[in-house]
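The lines below spell out each chain.
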Amino acid sequence: FDVHVADVFKPLSVGATIVVARDIFRIPPVDVISTLPNKIAVAKVPKALKVIIFTGEGITESCVRPIPVTTRTINIFGATEFFDATAKEID
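Attention here is on the structure that accompanies the text. The shown structure was predicted, so the numbers you read here are calculated from the model rather than taken from an experiment.

**Looking at the overall build of the protein chain**
- A tally of helices and strands in the protein chain yields three helices and four strands.
- Ordered by position in the sequence, the α and β elements of the protein chain form the string α-β-α-β-α-β-β.
- Expressed as a percentage of the 91 residues in the protein chain, the buried residues total 25%.
- Long-range pairs, those at least 24 residues apart, make up 15% of the contacts in the protein chain between residues at least 6 apart in sequence.
- Accessible surface, the protein chain as shown: approximately 6700 Å² in total, 60% of it carbon and sulfur.

Quick look at the structure:
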């Protein structure tokens, strides 16, 4: 299975709602976004967003610059796109 299977079924198992969006910044207000870092680098991140989970590629300073200090930021990374091996909260 692809790593995104867990991204879908974990939230659903606790009653959360999943929004699958073509453009992550044209969706209804959400608490958590899981996305590639380069998508955030060019966006205005809503101040109400509680958590951003980065996965799939390396993080640069331009990726974290637009994130409000009140938003929890987590980098999840694996040796391949098929699994997540490590997770680190970014201060």
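**Considerations on the pairing of strand E1 (residues 32-35)**
- Here E1 shows one buried face, formed by Ile-33 and Thr-35, and one open face, formed by Val-32 and Ser-34.
- As judged from the four bridges shared by E1 and strand E2 (residues 51-55), these two strands associate in the parallel manner. Each bridged residue has a counterpart across the sheet, and for Ile-33 the counterpart in E2 is Ile-52.

**Observations concerning the pattern of salt bridges**
- Scanning the entire structure with this criterion turns up two salt bridges.
- For Lys-50, the salt bridge identified is with Asp-31, shortest N-O distance 4.0 Å. Of this pair, Lys-50 sits in the loop between helix H2 (37-41) and E2 while Asp-31 sits in the loop between helix H1 (4-13) and E1; the two residues are 19 residues apart in sequence, bridging distant segments of the chain.
- In this structure, the salt-bridge partner of Arg-65 is Glu-61, at a minimum N-O distance of 3.5 Å. Both residues of the pair, Arg-65 and Glu-61, belong to the exposed class.

**Things to note about the nonpolar core**
- Core analysis: the biggest nonpolar cluster contains seven residues, these being Ile-33, Ile-40, Val-45, Leu-49, Ile-52, Phe-54 and Ile-67.
- Excluding residues that lie within four positions of it along the chain, Ile-52 makes contacts with Ile-33, Ile-40, Val-45, Ile-67, Thr-71, Arg-72, Thr-73 and Ile-74.

**Re the environment of Val-8**
- Inspection of the secondary structure puts Val-8 in helix H1.
- Judged by relative accessible area, Val-8 falls into the partly exposed class, the value being 30%.

**Let's talk about the environment of Gly-56**
- Looking at the element boundaries, Gly-56 is found in the loop between E2 and helix H3 (61-64).
- Sequence separation between Gly-56 and Pro-37 is 19 residues, and the spatial gap between their C-alpha atoms is 8.0 Å.
- Gly-56 has contacts with Leu-36 and Ile-76, leaving out every residue within four places of it along the chain.

Each value, and the rule that gives it
- Residues numbered from 1 in each chain as written.
- Predicted model: local features only at pLDDT ≥ 70, side-chain atom pairs only at ≥ 80, totals over all residues.
- Heavy atoms only, no water.
- Helix = DSSP H or I, 4+ residues; strand = E, 2+ residues; numbered from the N terminus.
- Buried < 20%, exposed > 50% of the residue type's maximum accessible area, 1.4 Å probe, protein only.
- Contact = heavy atoms within 4.5 Å.
- Areas by Shrake-Rupley, 256 points an atom, 1.4 Å probe, with all protein chains shown as cover.
- Pairing = 2+ DSSP bridges.
- Salt bridge = Lys/Arg side-chain N within 4 Å of Asp/Glu carboxyl O.
- Core = buried A, V, L, I, M, F, W, Y, C linked by side-chain atoms within 4.5 Å.

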